[in-house]
Amino acid sequence: MNTNKSQSCSSLQNTLRQSNATRKMNQLSRHGHKLLRTSCGMMGFIFISCLVVLRICIASGATVVPSSYSLNPLLLDLTQSLRDTPFSKELEAAASSSRSCVSQSYVWNMHRINEMPSGTYEYLSKNYVTLMPFIYKIYIDRSEEGEYFGTNGAQTGELLYRHVLAEDFWRSNIVSTEDVLLLGAHGSMLKERNKVIPTIKLMWPSMSQTQVNDLFEDIQGLINGIPLTFDNPLLSLNALAAPGGDILGNGVIFPAAIVMGDGIIDKLLDMGLGANGPDFVHAHEYAHQVQFDLGVYNDANAPPSPIDTRNKELMADAFSAYFLSHDNGGNMSTPEILELHKTAFTIGDCNFESKNHHGTPSQRSCASMWGAMQAINGSNERRNVLRGRKLDDTTTTTTTTVMSPTLLRESFDSALHDIVSLNPDICPFPEENDSGECIAEMVPIIVKLKLDGFAAETMWSIKSTTDGTTYMAKSYSKVNDFTHVSHYVCVHPDKEYEFYILDTFGDGILDGFYSIHNGTTGSLLVEGLGDFGRSISVPFSLSLCPGMMPITINIQLDTFAVETSWAIKAADGVEYKRTSYGVDDKETNVIETVCVHLEKEYTFSIWDSYGDGIQKGYFKIFNGTSIEDETALLAEGDGESIRKSAEVQFSPTLCPNKVLITLAFQLDYYSVETSWSIKPNVPDGEEIASKRYKVEDRKKFVTELVCIQRGEEHILHVLDTYGDGIINGGGFKAFIGQSVEDE
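The structure presented is a predicted model; accordingly, all values stated were derived computationally and were not measured.

**Some points on the overall build of the protein**
When helices and strands are tallied, the protein shows 17 helices and 26 strands. Put simply, the protein has 743 residues, and 55% of those count as buried. Within the structure as shown, the protein displays about 31000 Å² of accessible surface, and the carbon and sulfur contribution to it stands at 50%.

Okay, here's the thing in structure tokens:
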């Protein structure tokens, strides 16, 4: 360990269920329902999980190093299952640059890990601290009473509802299916002594009481030094399916359970998948319970292989999408089904050699598509749903016939080869699009890079900062050394984006570069040299004038175009544009767009060097990019009246012929609960603007600009998903204009 690393580690110390409908509703209303499973019918204890375990390092300044003690042998199955996960192997591969692809999940994990002080997560992971919320929930507190899901409980009602639906759906088709607990694992439990102390004692029976107390204090010091402290998603980033049975060998029968960590829910919210992503993860874990009953995991003593594990996980993805898409199950709409596929893609991994490989992003998305197709009538209907051509529909057309799990398993086994090989008849969405062709309402951008001799160190992603959606994440292998690469990415033109590029060694792309162009117009959006060190984030927008306002200059030139020139200058003396014309421009009707700033006064100056103006010509200045809308006209003049020169003053506006309003929000700690929308106060009025806030917006004061029709009544709808409003001094106001100072 080098000196700097040792010093940084030393500083860490300082730093449901009854059958009748009435009782179900009672269960939902109290956020919990007591379930017991009296038998398992399986040998051993198998855990299916999705924990993130990253780099390994011991914080040398910690008083107690738990990994130096013998772990309770009764917990070895659980802890090993939690640590041998696809996310664990994915991060190990990233650390050694041995990966062959990168998922959006990987990019998000790296962002969160790099936000922590050096060595902190390594200690928490190496010493099982990130497992404690799950061990506590499974072995010590199995009560569902008052259970909640997500750091702020935003997903509680949704997941409890989906859980009851899943029980009804699968139970009606598997006689042996028994009740399954739905539990939440919370990073916040790590600050509660009465929960952490018994967990430590269970995990390390040989520790003295003094050592147990010291370890508790170490944990407090470390977590208080990380972003969001005990609400940091990496402390509970997991979802777990556990069969019931005598798992401790002491005659106590544990019920079957699904444990949803706050971290996995918060992560999906942050990635723009909060609407249906947690439903998919829950349904995936419930599918494992179905697999337990089908005997898929009966040979508990057989060593898992990457292919065997992948096939079982893809089956769970397919079962999950089948349940959620079926009208007798989740009965999801077409846009919701498409988000399921996106969620499956997002949580894929590329750890092909790991015994816990769950499938690549594309394979997992394909399995989800296949499962949804089994629940939807007609091949044409299925293809339309998967290709997103029914986004205007409220629901999809499904069948009331529920395929038995045994038959569904057999059908999946028959389709497995097509799923793994990404047969386009089943998987119409490619992992990346190098054709430049995009579906309606999306446009292509072109990402270009010149790689160095260590291409495997380079990875990048494009994420919408408007809603958190990751549009592409890409990495390379040795075959890309010293090559120029180009990729088309389909994005929405009305969103803001962030280009993130990372070099895992930390020296950038030697003698390399990166750029992004608009694939339609060819305009340059982003460019930079490879000397960015470890990483860099660059914001960009497909807007013609990012952060500025477009105006359009329209001039009808005469035969002597070479005599004409013009310029636009702001009142503060800054010149924004100067243009002259050549012989070839004679009698041309020219249209040019200029980007200017709002809140400024401008002067348009036009000259004719001969002094007779523009014969039979004119000039016009429009707000925006259209010259068809005469109501957007800012200034105009007759060409002949120019003579030697002419000047006109104008001031552009963000909302031509509309009213600009500013929404101001003081958000609370639970920013992800808050969203808003505006629409006209008329029947079936279409939404004008909307936004949902993210984790990083906690406690921020934010303003939003919206253009509305003059003379019409509008409705501002503000939603708090938890139902307690924007608390602790939060609130919102709406202002006419761009100022929030004038009450």
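**Quick word on the packing of helix H12 (residues 277-294) against helix H13 (residues 306-325)**
Packed helix pairs are characterised by how far apart their axes lie and by the angle those axes make with each other. Where H12 contacts H13, the two axes come as close as 8 Å, and the packing angle between them is 115°. Between H12 and H13, the crossing angle belongs to the class labelled roughly perpendicular. With respect to the hand of their crossing, H12 and H13 are arranged in right-handed fashion. Here Asp279, Phe280, Ala283, His284, Ala287, His288, Val290, Gln291 and Leu294 of H12 lie close against H13, whose contacting residues are Lys312, Glu313, Met315, Ala316, Asp317, Phe319, Ser320, Phe323 and Leu324.

**What to know about the packing of aromatic side chains**
Throughout the structure, instances matching the rule amount to 20 aromatic pairs. Centre to centre, the rings of Phe292 and Tyr297 are 5.5 Å apart; their planes meet at 70°, and the pair counts as edge-to-face. Just as Phe292 is buried, Tyr297 falls in that class too. Here the aromatic rings of Tyr602 and Phe650 are separated by 5.7 Å at their centres, their planes lie at 20°, and the arrangement is stacked. Of the two residues, Tyr602 is situated in strand S17 (residues 602-608) and Phe650 in strand S20 (residues 645-650); the sequence distance between them amounts to 48 residues. Here Tyr602 and Phe650 have matching classes, each one buried.

**Remarks on the confidence of the model for the protein**
Put simply, the protein has an average pLDDT of 78, and 78% of its residues get 70 or more. Within the model, pLDDT remains below 50 along residues 1-61, and this stretch shows 188 contacts once partners closer than five positions in the same chain are excluded.

**Looking at the sheet that holds strand S14 (residues 564-570)**
The strand order S15-S14-S17-S20 describes an open sheet built from 4 strands, whose pairing is antiparallel. Two strands in the sheet have a free side with no partner beyond their single neighbour: strand S15 (575-580) and S20. Put simply, the sheet's adjacent strands are angled 10° from each other on average, direction ignored. Note: S17 against S20, 6 bridges, orientation antiparallel. Residue pairing across strands places Thr603 opposite Gln649, the latter belonging to S20.

**Quick look at the pattern of salt bridges**
Inspection of every chain in the model, using the stated rule, returns 15 salt bridges. Of the charged contacts, one joins Glu158 and Arg162 as a salt bridge, the two residues approaching to 3.0 Å between their closest N and O atoms. Of this pair, Glu158 and Arg162 are both found in helix H8 (residues 156-171), 4 residues apart, which corresponds to roughly one turn of the helix. For Glu158, a relative accessible area of 28% translates into the label partly exposed. Here Glu575 ties to Arg578 by a salt bridge, and the two come within 2.9 Å at their closest N and O atoms. Overall, Arg578 belongs to the exposed group, its relative accessible area being 52%. Each member of the salt-bridge network shares a partner with another, and the members are Arg112, Glu115 and Asp270.

**Concerning unusual backbone geometry**
One non-glycine residue, Thr229, adopts positive backbone phi at about 45°. Relative to the helices and strands, Thr229 resides in the loop between helix H10 (209-223) and strand S3 (239-242). Residue Glu587 is not a glycine yet carries a positive backbone phi of 55°. As for its placement among the helices and strands, Glu587 is situated in the loop between S15 and strand S16 (589-596). Overall, Glu587 belongs to the exposed group, its relative accessible area being 54%.

**Considering the pairing of strand S21 (residues 658-666)**
Regular strands place their side chains on alternate faces of the sheet. Taken across its 9 residues, S21 has 7 buried, putting it largely inside the fold. Bridge count for S21 against strand S24 (residues 701-709) is 9 bridges, and the pairing is antiparallel. Each residue of the ladder has a partner; that of Ile661, found in S24, is Val706. Sheet topology places S21 next to strand S26 (residues 731-736); 6 bridges connect them, and they run antiparallel. Residue pairing in the sheet places Ala664 in a bridge with Lys733 of S26.

**Description of the environment of Ile627**
With respect to the helices, strands and loops of the structure, Ile627 is situated in the loop between strand S18 (618-623) and strand S19 (633-638). A C-alpha to C-alpha distance of 8.5 Å links Ile627 and Ile591, two positions 36 residues apart in sequence. Filtering out sequence-adjacent residues up to four positions away, Ile627 remains in contact with Thr552, Asn554, Ile591 and Phe622.

**What to know about the nonpolar core**
In terms of nonpolar packing, the biggest core is built from 104 residues, with Met132, Trp170, Leu190, Trp204 and Met260 touching the most fellow members. A per-element tally of this core places H13 first, with 9 residues. Dropping the residues within four chain positions of it, Trp204 is found in contact with Pro66, Tyr69, Ser70, Leu71, Asn127, Tyr128, Met132 and Leu215.

**Some thoughts on the sheet that holds S18**
Strand order in the open sheet formed by 4 strands is S16-S13-S18-S19, with antiparallel pairing between adjacent strands. One side of each edge strand has no neighbouring strand; the edge strands of this open sheet are S16 and S19. Across this sheet, the average inter-strand angle for adjacent strands is 15°, counted without regard to direction.

**Some remarks on the packing of helix H14 (residues 334-346) against helix H15 (residues 361-374)**
Put simply, H14 and H15 touch, their axes get as near as 7 Å, and they point 150° apart. Overall, the two elements H14 and H15 adopt an arrangement that is roughly antiparallel. As H14 packs across H15, the resulting crossing turns out to be right-handed. Here H14 contributes Ile337, Leu340, His341, Ala344 and Phe345 to the contact with H15, which in turn contributes Pro361, Ser362, Arg364, Ser365, Ser368, Met369 and Ala372. The class makeup of the residues in the contact of H14 with H15 is 7 nonpolar, 4 polar and 1 charged.

**Side note on H14**
For H14, built from 13 residues, the straight-helix expectation of 18 Å at 1.5 Å per residue is met to within 8% by its first-to-last C-alpha distance of 19 Å. In terms of burial, H14 is a largely internal element, 10 of the 13 residues being buried. Where H14 is concerned, the buried positions are Thr334, Ile337, Leu338, Glu339, Leu340, His341, Thr343, Ala344, Phe345 and Thr346.

**Considerations on the pairing of strand S4 (residues 257-261)**
Here S4 lies mainly inside the structure; 5 of its 5 residues are buried. Covered by surrounding structure in S4 are Ala257, Val259 and Gly261 together with Ile258 and Met260, the residues of both alternating faces. As paired elements, strand S2 (residues 181-185) and S4 share 5 bridges and run parallel to each other. Of the residues in S4, the one forming a bridge with Leu183 is Val259. As judged from the 4 bridges shared by S3 and S4, these two strands associate in the antiparallel manner. By the bridge assignment for S4, Ala239 is matched with Met260.

**Looking at helix H17 (residues 405-420)**
The principal kink in H17, of about 45°, is found at Ser414. Taken as a whole, H17 has its buried residues at Pro405, Leu408, Phe412, Ala415, Leu416 and Ile419. Where H17 is buried, its residues contact H8, H12, H13 and H15. Following H17 by one or two positions, Leu422 has its phi on the positive side, about 60°.

About the cut-offs
- Residues numbered from 1 in each chain as written.
- Predicted model: local features only at pLDDT ≥ 70, side-chain atom pairs only at ≥ 80, totals over all residues.
- Heavy atoms only, no water.
- Helix = DSSP H or I, 4+ residues; strand = E, 2+ residues; numbered from the N terminus.
- Buried < 20%, exposed > 50% of the residue type's maximum accessible area, 1.4 Å probe, protein only.
- Areas by Shrake-Rupley, 256 points an atom, 1.4 Å probe, with all protein chains shown as cover.
- Axes fitted to C-alpha atoms, helices over the stretch in contact; angles between N-to-C directions.
- Parallel < 35°, antiparallel > 145°, perpendicular 65-115°, else oblique.
- Left-handed = near helix turned anticlockwise from the far one by under 90°.
- Contact = heavy atoms within 4.5 Å.
- Phe/Tyr/Trp six-rings, centres within 6.5 Å; stacked < 30°, edge-to-face > 60°.
- pLDDT = per-residue confidence, 0-100.
- Pairing = 2+ DSSP bridges.
- Salt bridge = Lys/Arg side-chain N within 4 Å of Asp/Glu carboxyl O.
- Core = buried A, V, L, I, M, F, W, Y, C linked by side-chain atoms within 4.5 Å.
- Nonpolar A, V, L, I, M, F, W, Y, C, P; charged D, E, K, R; others polar.
- Expected span 1.5 Å × (residues − 1).
- Bend = angle between axes of the 7 residues up to and from the residue.

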